[in-house]
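Given next are the chains, with one letter for each unit.
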Amino acid sequence: MTLKYLIQKEFLQMRRNSFMPKIIFVFPIMIMCVMPWVMNMEVKNIVVDVVDNDRSSLSQQLVHRIEANRYFVFNGQKGSYSESMDDIVKSRADVIVEIPKYYGRQREAGQQPQILIAANAVNGTKGSMGAAYMSSLVADLGLGEAMVKPFFLYNPHQNYKVFMIPALMGILLMMLCGFLPALNIVGEKEAGTIEQINVTPVSKWTFILAKLIPYWLIALVVLTVCFVLSWAVYGITCQGPLLLVYLVSVLMALFFSSLGLIVSNYSETMQQAMLVMWFFVVCLMLLSGLFTPVRSMPSWAYLTTYVNPMHYYIDAMRTVFVRGGTFQSIAHQVMALGAFAVFFAVWAVFSYKKNS
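The structure displayed is predicted, hence computed values, not measured ones.

> Talk me through the sheet that holds strand E3 (residues 95-99); I want residue IDs and the actual numbers.
As summarised here, the arrangement of the four strands in space is E2-E1-E3-E4, forming an open sheet in which the pairing is mixed. Looking along the sheet, the strands with just one partner apiece sit at the ends: strand E2 (72-77) and strand E4 (116-119). Across the sheet, the mean angle from the axis of one strand to that of its neighbour is 20 degrees, orientation sign disregarded. For E3 and E4, the ladder comprises four bridges, and the chain directions are antiparallel. Residue pairing across strands places Val97 opposite Ile117, the latter belonging to E4.

See the structure below:
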């Protein structure tokens, strides 16, 4: 019965805080409706200069294909390679394509003339991807009717939003169930109101559950809103059982709320708690495979994924949400998340100091 009144107290405090309800409801809408459009690793708008030394019908066919490609911004034909390099130096172009003399004649004779593709690699990702796109376009022109047709599984249109939306749900859980409980408890420490609870007969478990349950409930409501927004705004729906998504989300919420409670137990000020939480959150997020594949990490960095709950959560979410996996597909991730959640929950309870 005590737990019920303490939970009511938490919801009353949230309602009386003019800022808290706004951040709880505006933040998820911002994350789901804006971030999938801007957090896109697909490289577009690559500015291309073309140096056509051949001026044949075949070379012009290649130029027209570059103009029509949605990834490139055609910057015109230049008279020489040095003129195009001046555009690169002044950041007016990203890629130079130089078509050699006698390109058309050599193609008609069955030869494979070499086309120079030079990319500005100051931005390594844009340079390498731009050169790769251009190489693919040139190779396809040479293959003609024998062009290879790839077959993409699970995400046939290569829509990056399908990849990012499950990960963004993890970021929401991180903020709602990690940051907010930590700041709530430390805020009560600074205000001195937590001392009134400490001198009561309320047990540590009751107090901790009263602090965390409201944020778990809010996180589940927000997660449901995210599913609705994903369907309504992007037409993206969960391909697997939604119950599994809620299961891994509950385990993740338990882990982050326990982490936030541990940080608040060892922090004396809100500023200290925010800095410590930010340190852990950024490390967990960037080493989880949220933005880039974990297999591209160095071997020593890849080992950190074995002790990163965020990695297990994102992997499980994408397995169920995108690939339509079953419980057998994510059993390993569920066990790992459960172990992390229990360990940190026990640590959070024992690290809380109650003066009675």
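> Explain the state of the cysteines residue by residue, including any values.
Taken as a whole and judged by the stated rule, the model has zero disulfides. Cysteine Cys33 remains unbridged, with the sulfur of Cys226 as its closest cysteine sulfur at 9.0 Å. Just so you know, Cys238 is unpaired, no disulfide at all, and the nearest cysteine sulfur is the one on Cys226, 13 Å from it.

> Describe the nonpolar core, with residues and values.
The biggest cluster of nonpolar side chains holds 81 residues, and the ones touching the most others in it are Met169, Phe256 and Tyr313. At the level of elements, helix H1 (2-16), helix H2 (20-33), helix H8 (160-191), helix H10 (204-234), helix H11 (242-265), helix H12 (270-286), helix H14 (309-321) and helix H15 (327-351) are the ones that each hand at least two residues to this core. Ranked by residues supplied to this core, first place goes to H8 with 19 residues. In this view, Tyr313 contacts Met169, Gly170, Leu173, Val248, Ser249, Met252 and Leu337; residues no more than four positions away in its chain are not counted. Core analysis: the second largest hydrophobic core is formed by 18 residues, Val43, Leu62, Ile115 and Val138 among them.

> So what's going on with H10? Which residues, and what values?
Since the α-helix advances by 3.6 residues per turn, residues separated by three or four positions end up pointing in the same direction. Over its 31 residues, H10 extends 44 Å from the first C-alpha to the last, a length consistent with the 45 Å expected when each residue adds 1.5 Å. Along H10, the sharpest kink reaches roughly 30 degrees, centred on Leu212 and followed within four residues by the proline Pro214. In the stretch just after H10, Gly235 is the one whose phi turns positive, near 70 degrees.

> Pulling in residues and values, what's your account of the pairing of strand E1 (residues 46-52)?
Within E1, seven of the seven residues are buried, which leaves it mostly tucked inside the rest of the structure. In E1, alternate side chains face the same way, and those of Ile46, Val48, Val50 and Asp52 on one face and Val47, Asp49 and Val51 on the other are all buried. Pairing of E1 with E2 involves four bridges; the strand directions are parallel. Within the sheet, the bridge partner assigned to Val48 lies in E2 and is Phe74. Pairing of E1 with E3 involves five bridges; the strand directions are parallel.

> I'd like a description of the environment of Gly76, backed by residues and values.
Along the chain, Gly76 turns up in strand E2. For the pair formed by Gly76 and Val63, sequence separation is 13 residues and the distance between their alpha carbons is 9.4 Å. When near neighbours in sequence (up to four residues on either side) are disregarded, Gly76 contacts Val48, Asp49 and Val50.

> I'd like a description of unusual backbone geometry, backed by residues and values.
One non-glycine residue, Arg55, adopts positive backbone phi at about 60 degrees. Here Ser91, not a glycine, exhibits a phi torsion of approximately 60 degrees, which is positive. As for its position among the elements, Ser91 is in the loop between helix H5 (81-89) and E3.

The rules behind these values
Residues numbered from 1 in each chain as written. Predicted model: local features only at pLDDT ≥ 70, side-chain atom pairs only at ≥ 80, totals over all residues. Heavy atoms only, no water. Pairing = 2+ DSSP bridges. Helix = DSSP H or I, 4+ residues; strand = E, 2+ residues; numbered from the N terminus. Axes fitted to C-alpha atoms, helices over the stretch in contact; angles between N-to-C directions. Disulfide = S-S within 2.5 Å. Core = buried A, V, L, I, M, F, W, Y, C linked by side-chain atoms within 4.5 Å. Buried < 20%, exposed > 50% of the residue type's maximum accessible area, 1.4 Å probe, protein only. Contact = heavy atoms within 4.5 Å. Expected span 1.5 Å × (residues − 1). Bend = angle between axes of the 7 residues up to and from the residue.

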